Amino acid sequence: MSVIIVIPARYASTRYPGKPLVTLKGASGEAKSLIRRSWDAACGVAGIDKVVVATDDARIAEACAAFGAEVVMTSTTCQNGTERCAETLVNLGEDYDIVVNLQGDAPLTPAWFIEDLVQGLRDNPSADVATPVLRTEGRALNGLLLDRREGRVGGTTAVFGADNNALYFSKEVIPYTGKTYGDADETPVFHHVGVYAYRPDALKSYPQWPAGPLEQLEGLEQLRFLERGVPMLCVEVAAKGRQFWELNNPEDVPRIEEMLKEMGHD
């Protein structure tokens, strides 16, 4: 099966304008842009036929071209990364069996998260859309809870059924648990990893549907599939000692830089 990774990136983020061009320092002290780190993460994934950045902004396109990335220009009317991936597929005019959406704010995404995700879709021929979920340890859960207490929108959590199909995604921390967890304790909360794998027909259908009330309330693009009755397979991935966090707010920059240093990423 042929696989393409699309990295959607826009400049005009409501919460963090210019986010793809924010620089992050790694273990060596070298500063690289967020979009460069996301590109490097995508290029480290095995079994991928093509990687492209999809943007509507010349500044991002120029920055990507400077480090050798292939860029596909998309319209300014795309409401989210999934719509941008769908337009990218049309603009490329190429056929792929699986399209992976690696959002440009997740440079800490390990290669095996995406490899396991693609394999999960391959192993489930009845599934049209899949996404990874990561069981949190106390350190990550406490970070999510702290963000909510301080009024920040942090990571997204997911709940799913016995068939591993998603029941719901939320920027609130779900399911509720009143327990206190130490940093290394396993918890019942799953962090949604902002990556998606689509079969082309499901991806092409997505922009034709209007955003539903849940998608609009939560600001989560994947809820459009659930509101339309399209199952989304949740593929559990293993941290293997790696930390994971998305860059959602300016306050996340030092947090991610610390993680990059801890993991020895230049």
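Conventions we followed
- Residues numbered from 1 in each chain as written.
- Predicted model: local features only at pLDDT ≥ 70, side-chain atom pairs only at ≥ 80, totals over all residues.
- Heavy atoms only, no water.
- Helix = DSSP H or I, 4+ residues; strand = E, 2+ residues; numbered from the N terminus.
- Buried < 20%, exposed > 50% of the residue type's maximum accessible area, 1.4 Å probe, protein only.
- Polar contact = N/O pair within 3.5 Å; in protein donor to acceptor, adjacent residues only side chain to side chain.
- Phe/Tyr/Trp six-rings, centres within 6.5 Å; stacked < 30°, edge-to-face > 60°.
- Core = buried A, V, L, I, M, F, W, Y, C linked by side-chain atoms within 4.5 Å.
- Contact = heavy atoms within 4.5 Å.
- Pairing = 2+ DSSP bridges.
- 1 Å grid on protein atoms, 1.4 Å probe; cavity = no way out; pocket = protein on both sides within 12 Å on 5 of 7 lines; lining within 4 Å.
- Points joined across faces, edges and corners; volume = space filled by probe spheres on them.
- Salt bridge = Lys/Arg side-chain N within 4 Å of Asp/Glu carboxyl O.
- Expected span 1.5 Å × (residues − 1).
- Patch = residues over 30% accessible without salt bridge, like charges linked within 9 Å, V, L, I, M, F, W, Y side chains within 5 Å.
- Areas by Shrake-Rupley, 256 points an atom, 1.4 Å probe, with all protein chains shown as cover.
- Lys, Arg positive; Asp, Glu negative; His and termini not counted.
- Charge placed at Lys NZ, Arg CZ, Asp CG, Glu CD.

Caption draft 1: Layout of the side chain of Asp-105. If you trace the backbone, Asp-105 turns up in the loop between strand S6 (98–102) and helix H4 (111–123). Residue classification places Asp-105 among the buried residues on the basis of a relative accessible area of 15%. At 3.2 Å, the side chain of Asp-105 forms a polar contact with the side chain of Lys-19.

Caption draft 2: Geometry of the packing of aromatic side chains. Under the criterion given, the structure shown has 8 aromatic pairs. Seen in terms of ring centroids, Trp-39 and Phe-67 are 6.3 Å apart; in terms of plane orientation they differ by 55 degrees. Their pairing is tilted. Remark: Phe-67 occurs in the loop between helix H2 (58–66) and strand S5 (71–73) and Trp-39 occurs in helix H1 (residues 34–43); sequence separation between them is 28 residues. Across this residue pair, the class does not change: Trp-39 and Phe-67 are buried. Arranged with centres 4.9 Å apart and planes meeting at 45 degrees, the rings of Tyr-206 and Phe-225 form a pair that is tilted. Taken together, the positions of Tyr-206 in the loop between helix H6 (200–205) and helix H7 (213–218) and Phe-225 in helix H8 (residues 223–227) put the pair 19 residues apart, joining distant regions of the chain.

Caption draft 3: Layout of the nonpolar core. Ranked by size, the top nonpolar core spans 34 residues in total, and within it Ile-5, Ile-7, Val-53, Val-100 and Ile-114 carry the most contacts. Excluding residues within four positions of it along the chain, Ile-5 makes contact with Ala-42, Val-45, Ile-48, Lys-50, Val-51, Val-52, Val-100, Leu-102 and Ile-114. Ala-54, Ala-86, Tyr-96 and Leu-223 belong to the second-largest nonpolar core, a separate cluster that totals 29 residues.

Caption draft 4: Seen up close, the pairing of strand S9 (residues 166–170). In terms of strand pairing, strand S8 (residues 156–160) meets S9 through 4 bridges, oriented antiparallel. When the sheet's bridge partners are listed, Thr-157 is paired in S9 with Ser-170. In textbook terms, the turn of a hairpin is the stretch between consecutive antiparallel strands, and for S8 and S9 this stretch comprises 5 residues, one of which, Asn-164, has a positive phi near 70 degrees.

Caption draft 5: Highlighting the layout of surface pockets. Its volume calculated, the largest pocket comes out at about 920 Å³. Taken together, 33 residues line the largest pocket, and the ones lying closest to its centre are Arg-10, Arg-15, Gln-103, Gly-219 and Glu-221. Among the secondary structure elements, those contributing two or more residues to the lining of the largest pocket are strand S1 (3–9), helix H3 (81–92) and H7. Of the voids in this model, the second largest pocket is the one considered here, and its volume is about 540 Å³. As for the second largest pocket, its lining consists of 24 residues, and the residues nearest its centre are Glu-137, Arg-139, Ala-140, Arg-242 and Gln-243. Within the residue set of the lining of the second largest pocket, elements represented by two or more residues are strand S7 (129–137), helix H5 (138–149), strand S10 (186–192), strand S12 (233–237) and helix H9 (252–262).

Caption draft 6: Broad picture of the pattern of salt bridges. On inspection of all chains with the given rule, the structure shows 15 salt bridges. With a closest N to O distance of 3.2 Å, Arg-36 and Asp-40 form a salt bridge. Of this pair, Arg-36 and Asp-40 both sit in helix H1, 4 residues apart, which is roughly one turn of that helix. Residue classification places Arg-36 among the partly exposed residues on the basis of a relative accessible area of 27%. Shared partners join several salt bridges into a network, and the residues in it are Asp-147, Glu-150, Arg-152, Asp-252 and Arg-255.

Caption draft 7: H3, seen in detail. Here H3 contains 12 residues, and its C-alpha end-to-end distance of 16 Å stays within 8% of the 16 Å for a straight helix at 1.5 Å per residue. Among the 12 residues that make up H3, 9 are buried, leaving the element largely enclosed by the rest of the structure. Those residues of H3 that sit buried are Gly-81, Thr-82, Glu-83, Arg-84, Cys-85, Ala-86, Thr-88, Leu-89 and Leu-92. Taking the backbone nitrogen of Thr-82 as reference, a side-chain oxygen 3.1 Å away marks Asn-80 as the first, capping residue of H3. Just past H3, the residue Gly-93 takes up positive phi, approximately 65 degrees.

Caption draft 8: Inspection of H1 at higher detail. In terms of burial, H1 is largely enclosed, as 7 of its 10 residues are buried. Restricting attention to buried positions, one finds in H1 the residues Leu-34, Ile-35, Arg-37, Ser-38, Trp-39, Ala-41 and Ala-42.

Caption draft 9: Just a negative patch on the surface, in detail. There is a patch of like negative charges on the surface, built from Glu-137, Asp-183, Asp-185, Glu-186 and Glu-236. Within the fold, Glu-186 resides in strand S10.

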